[in-house]
Amino acid sequence: DAGITQSPRHKVTETGTPVTLRCHQTENHRYMYWYRQDPGHGLRLIHYSYGVKDTDKGEVSDGYSVSRSKTEDFLLTLESATSSQTSVYFCAISRGAGMGYTFGSGTRLTVV
Amino acid sequence: AQSVTQPDIHITVSEGASLELRCNYSYGATPYLFWYVQSPGQGLQLLLKYFSGDTLVQGIKGFEAEFKRSQSSFNLRKPSVHWSDAAEYFCAVGGSSGGSNYKLTFGKGTLLTVNP
């Protein structure tokens with residue numbers, strides 16, 4: 001579709017370990033976002049980026065950090081994974097005003 | 001702050017019946033409004049969007065939505081539902097300016113079940 005890929009697609013990790021999820025785009029878009037999806041909560045914004053090294057927090061940012069050292073990659077890190085961070089994580093890009101998002105296929109993360 | 005309410009968590013309809021999914025939003029300026037669909041185990045696909053102009057917008061897969069400013073609503077409709085429409089539907093609201101960073105706020109979703 002828009003050349004947006006997430007890796008890994010699935011991951012199981014232990015409580016207390018750090019985890020990094022990767023979002024890669026091939027279209028040079030400025031705006032990128034990380035959401036988590038949980039039953040009964042819909043999608044909630046974790047962090048977003050509006051350019052290289054320009055990031056900001058969303059509504060559920062506690063326990064997460066992000067980095068964007070180049071336009072094509074937006075990394076989400078769980079510093080010390082907890083069971084409450086078991087979720088499906090979606091990356092998205094925006095092409096600008098009124099365009100909405102294009103989503104990646106998601107990463108299913110299980111913290112045991 | 002922007003917000004979206006989808007009052008119906010789960011809706012069941014028979015194949016061939018009409019469908020209306022409700023969405024109410026809160027936004028301080030003129031919003032962009034979107035409907036997305038998510039099939040089981042899949043990502044989200046854009047169905048349609050609205051910013052200005054005709055308040056009735058057409059989308060993919062035979063869906064349409066009507067923007068009603070006075071009711072802060074953007075309801076999704078389809079005249080005749082197909083079994084393949086079974087999915088979860090999300091309404092979203094976002095800003096139109098670069099200052100908003102085009103962030104979208106999503107509703108909690110409505111799960112649609114289609115009976116044969």
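Summarised in this report is the structure supplied together with it. Predicted, not measured: the structure shown is a model, and the values here were computed from it.

**As for the layout of surface pockets**
A probe matching the size of a water molecule, rolled over the atoms, marks out where space remains unfilled.
Right, so step 1: By volume, the largest pocket is sized at about 640 Å³.
Right, so step 2: Lining the largest pocket are 34 residues, and of these Gln37(A), Val88(A), Arg108(A), Gln38(B) and Glu88(B) sit closest to its centre.
Right, so step 3: When the residues that make up the lining of the largest pocket are grouped by side-chain class, the tally is twelve nonpolar, 17 polar and five charged.

**Points about the interface of chain B and chain A**
It is common to give the size of an interface as the accessible area that goes away when the parts come together.
Right, so step 1: Across the boundary between the two partners, chain B contributes 20 residues, which contact 21 residues of chain A.
Right, so step 2: Taking both partners together, chain B and chain A bury about 1700 Å²; carbon and sulfur atoms supply 59% of that area.
Right, so step 3: There are zero salt bridges connecting chain B and chain A.
Right, so step 4: Put simply, chain B and chain A have five residue pairs in polar contact (both at pLDDT 80 or more) between them.
Right, so step 5: If you list the elements that add at least two residues to the side of chain B that touches chain A, you get strand 5 (32–38), strand 6 (44–50), strand 10 (87–94) and strand 11 (104–106) of chain B.
Right, so step 6: With four residues, the top contributor of residues to the side of chain B that touches chain A is strand 5 of chain B.
Right, so step 7: For the side of chain B that touches chain A, the class distribution of residues is nine nonpolar, seven polar and four charged.

**Side note on the state of the cysteines**
Right, so step 1: Within this structure, the stated rule accounts for two disulfides over all chains.
Right, so step 2: Two residues share a disulfide in this structure: Cys23(A) and Cys91(A), whose sulfurs sit 1.9 Å from each other. Negative torsions about the S-S bond denote left-handed disulfides, and the value of about -70° found for Cys23(A) with Cys91(A) makes this one left-handed. One end of the pair, Cys23(A), is in strand 3 (residues 19–25); the other, Cys91(A), is in strand 9 (residues 87–94), with 68 residues separating them in the sequence.
Right, so step 3: What makes Cys23(A) buried here is its relative accessible area of 0%.
Right, so step 4: According to the relative accessible area criterion, Cys91(A) is buried, its value standing at 0%.
Right, so step 5: With its sulfur 2.0 Å from that of its partner, Cys23(B) forms a disulfide with Cys91(B). A torsion of -65° about the S-S bond marks the disulfide between Cys23(B) and Cys91(B) as left-handed. In this pair, Cys23(B) is assigned in the loop between strand 3 (19–21) and strand 4 (24–26) and Cys91(B) in strand 10, connecting sequence segments 68 residues apart. Neither residue differs from the other here; Cys23(B) and Cys91(B) are each classed as buried.

**Remarks on the pattern of salt bridges**
Residue and element names in this part refer to chain A.
Right, so step 1: What the rule picks out here adds up to nine salt bridges over all chains.
Right, so step 2: For Arg95, the salt bridge is made with Glu27, and the minimal N-O distance between the two is 3.3 Å. In this pair, Arg95 sits in the loop between strand 9 and strand 10 (101–103) while Glu27 sits in the loop between strand 3 and strand 4 (31–38), placing the two residues 68 residues apart along the sequence.
Right, so step 3: Exposure remark for Arg95: the relative accessible area of 38% places this residue in the partly exposed category.
Right, so step 4: Given a relative accessible area of 31%, Glu27 falls into the partly exposed group.
Right, so step 5: Asp38 is the partner of Arg44 in a salt bridge, and the nearest nitrogen-oxygen pair spans 2.9 Å.
Right, so step 6: Because the salt bridges share partners, they merge into one network encompassing Arg22, Lys70 and Asp73.

The rules we used
Within each chain, residues carry numbers counting from 1 in the order of the written sequence. Working convention: letters from A go to chains and numbers from 1 go to ligands, in the order in which they are written. Two thresholds apply to this predicted model, a pLDDT of at least 70 for residue-level local features and 80 or more for giving and counting side-chain atom pairs, whereas whole-chain, interface and lining totals are computed over all residues. Hydrogens and water molecules were not included; the side-chain quantities draw on all heavy atoms of the structure. Within this scheme a cavity is a closed region of a 1 Å grid, computed over the protein atoms alone, that accommodates a 1.4 Å probe without allowing it to escape, whereas a pocket is open but has protein on both sides within 12 Å along at least five of seven lines; lining residues each have an atom within 4 Å of a point. Grid points are joined across faces, edges and corners, and a volume is the space filled by probe spheres set on the points. Gly is put with the polar residues, along with every residue not named as nonpolar or charged; the nonpolar set is Ala, Val, Leu, Ile, Met, Phe, Trp, Tyr, Cys and Pro, and the charged set is Asp, Glu, Lys and Arg. Whether two residues are in contact is decided by their heavy atoms, any of which lying within 4.5 Å being enough. Summed over both partners, the accessible surface that disappears when two parts come together, traced with a 1.4 Å probe, is what is meant by buried area. Throughout this description, the term salt bridge denotes a Lys or Arg side-chain nitrogen within 4 Å of a carboxyl oxygen of Asp or Glu. Each polar contact in these results corresponds to two N or O atoms within 3.5 Å; when the atoms are within protein, one needs to be able to donate a hydrogen and the other to accept it, and residues that are neighboring in sequence are counted only if both atoms are side-chain atoms. For the purposes of this entry, the term helix denotes a DSSP run of H or I that reaches at least four residues, the term strand denotes a run of E that reaches at least two, and both are numbered from the N terminus. For the purposes of this analysis, a disulfide is any pair of cysteine sulfur atoms at a distance within 2.5 Å. Think of it in three bands: with a 1.4 Å probe and only protein chains considered, a residue is buried below 20% of the maximum accessible area for its type, exposed above 50%, and partly exposed in between.

Shape descriptors only; they carry no functional weight alone.
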